[in-house]
Amino acid sequence: MKTLVLNGSPHRKGDTAALLSELCKNLDGSIDVFSAYHDQIQPCDDCRQCWKKATCRLDDKMQELYQKINEYDNVIIASPLYFSELSDSLISMCSRFQYFWISRFFKEKELVNKLKNGVLIIVGAGDGTTVNAEKTAEIIFRHLKTTCIGQIFSLNTSKLAAKNDLVALKKAEDLAVRLNQLYLEESLGE
Ligand SMILES: Cc1cc2nc3c(=O)[nH]c(=O)nc-3n(C[C@H](O)[C@H](O)[C@H](O)COP(=O)(O)O)c2cc1C
């Protein structure tokens, strides 16, 4: 089983990282992390080369993901809330998935062809709404042909750090186990 993690936090040991770590330690198989803050992935600038050639001219780590997207069984989107949204850097990184979306219009060349399971992790210092972030995550999942099977929220992190949020940590563990089960069931064709 192969899992792709899209991490929208700048903090290597922060709240997003705490929940991601709990999920990932319970997941079978291999995990690739794409970090919006540490991988220096450029945003899509709508040059439209992919409309004609099914290639992207921006030469960075995203090219690796373009090659491997159909190897993944799971996609995890993990982000702090910034202005009640996914972090701007995560949205910027995911703007490069326009490359996949555009390929839908060239049907013989649709680039994402494997269905995947997904989990959304959101942390926030306050107790504000997560609705906008959930909607944006849903669009990103759709670009990757991913069905979100569960969400983990840890809000009020200014009062209780996610690493001490036992409810969120348990949910991370449970959803990892569920992803492992789904992979086995789908491999057996159930
Ligand atoms: C620019 C910015 C905007 C933020 N906006 C929100 C917000 O709208 N709602 C919220 O609950 N927390 C907000 N926060 C707080 C972070 O979401 C919070 O500190 C989170 O736990 C950090 O997670 P991390 O340690 O994984 O980076 C904001 C933080 C920053 C830097």
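Bear in mind the structure is a predicted one, so any value in this text is a computation, not a measurement.

## A few points about the overall build of the protein
Along the backbone of the protein there are seven helices and five strands. Mapped from its N terminus to its C terminus, the protein presents α and β elements in the order β-α-β-α-α-β-α-α-β-α-β-α. Taking 2.2 N^0.38 as the reference for a compact globule, 190 residues should give roughly 16 Å; the C-alpha atoms of the protein span a radius of gyration of 16 Å, in line with that estimate. For the protein, the spread of C-alpha atoms along the three principal axes comes to 50 × 40 × 25 Å. Here the protein holds 190 residues, and 44% of them are scored as buried. Nonlocal contacts in the protein, meaning residues at least 24 apart in sequence, comprise 80% of its contacts between residues at least 6 apart.

## Considering the sheet that holds strand 3 (residues 74-80)
Pairing in this open sheet of five strands is parallel, and the strands run 2-1-3-4-5 from one edge to the other. Since the sheet does not close on itself, it has two edges, and those belong to strand 2 (30-35) and strand 5 (146-154), each with one partner. The mean inter-strand angle of the sheet, taken between neighbouring strand axes irrespective of direction, is 20°. In the packing of helix 6 (residues 131-143) onto the sheet, contacts are made with strand 1 (2-7), strand 3, strand 4 (116-123) and strand 5, and the angle to strand 4 comes to roughly 155°.

## Brief notes about the confidence of the model for the protein
Mean pLDDT over the protein works out to 96, with 99% of the residues at or above the 70 mark. Element-level pLDDT for the protein is lowest in helix 2 (residues 49-53), with a mean of 91, against a maximum mean of 99 in strand 3.

## What to know about the site of the ligand
Within the structure, the ligand sits among 16 residues, and Asp15, Thr16, Leu81, Ser84 and Thr157 are positioned closest to it. Within the backbone of Ala125, a nitrogen or oxygen atom sits 3.1 Å from an oxygen atom of the ligand. If the ligand stood free it would expose 640 Å²; the protein chains cover 71% of that surface. A per-class count over the shell around the ligand returns seven nonpolar, eight polar and one charged.

## Thoughts on the state of the cysteines
In the structure shown here, the tally under the stated rule is zero disulfides. In this model Cys50 remains outside any disulfide bridge; the closest cysteine sulfur is found in Cys47, 6.5 Å from its own. Judged by relative accessible area, which is 15%, Cys50 ranks as buried. Between Cys56, a cysteine without a disulfide, and Cys47, which holds the nearest cysteine sulfur, the sulfur-to-sulfur distance is 6.5 Å.

## Brief notes about the pairing of strand 2
Sheet topology note: the strand 1/strand 2 ladder contains six bridges and is parallel. Among the inter-strand pairings, Leu4 is bridged to a residue of strand 2, identified as Asp32. Taking the sense of rotation as the criterion, the β-α-β connection linking strand 1, helix 1 (residues 15-25) and strand 2 turns out right-handed.

What counts and what doesn't
- Residues numbered from 1 in each chain as written.
- Predicted model: local features only at pLDDT ≥ 70, side-chain atom pairs only at ≥ 80, totals over all residues.
- Heavy atoms only, no water.
- Helix = DSSP H or I, 4+ residues; strand = E, 2+ residues; numbered from the N terminus.
- Rg over C-alpha atoms; globule rule 2.2 N^0.38 Å.
- Buried < 20%, exposed > 50% of the residue type's maximum accessible area, 1.4 Å probe, protein only.
- Contact = heavy atoms within 4.5 Å.
- Pairing = 2+ DSSP bridges.
- Axes fitted to C-alpha atoms, helices over the stretch in contact; angles between N-to-C directions.
- pLDDT = per-residue confidence, 0-100.
- Near = heavy atom within 4 Å.
- Polar contact = N/O pair within 3.5 Å; in protein donor to acceptor, adjacent residues only side chain to side chain.
- Areas by Shrake-Rupley, 256 points an atom, 1.4 Å probe, with all protein chains shown as cover.
- Nonpolar A, V, L, I, M, F, W, Y, C, P; charged D, E, K, R; others polar.
- Disulfide = S-S within 2.5 Å.
- Right-handed = clockwise from strand over helix to strand, strands pointing away.

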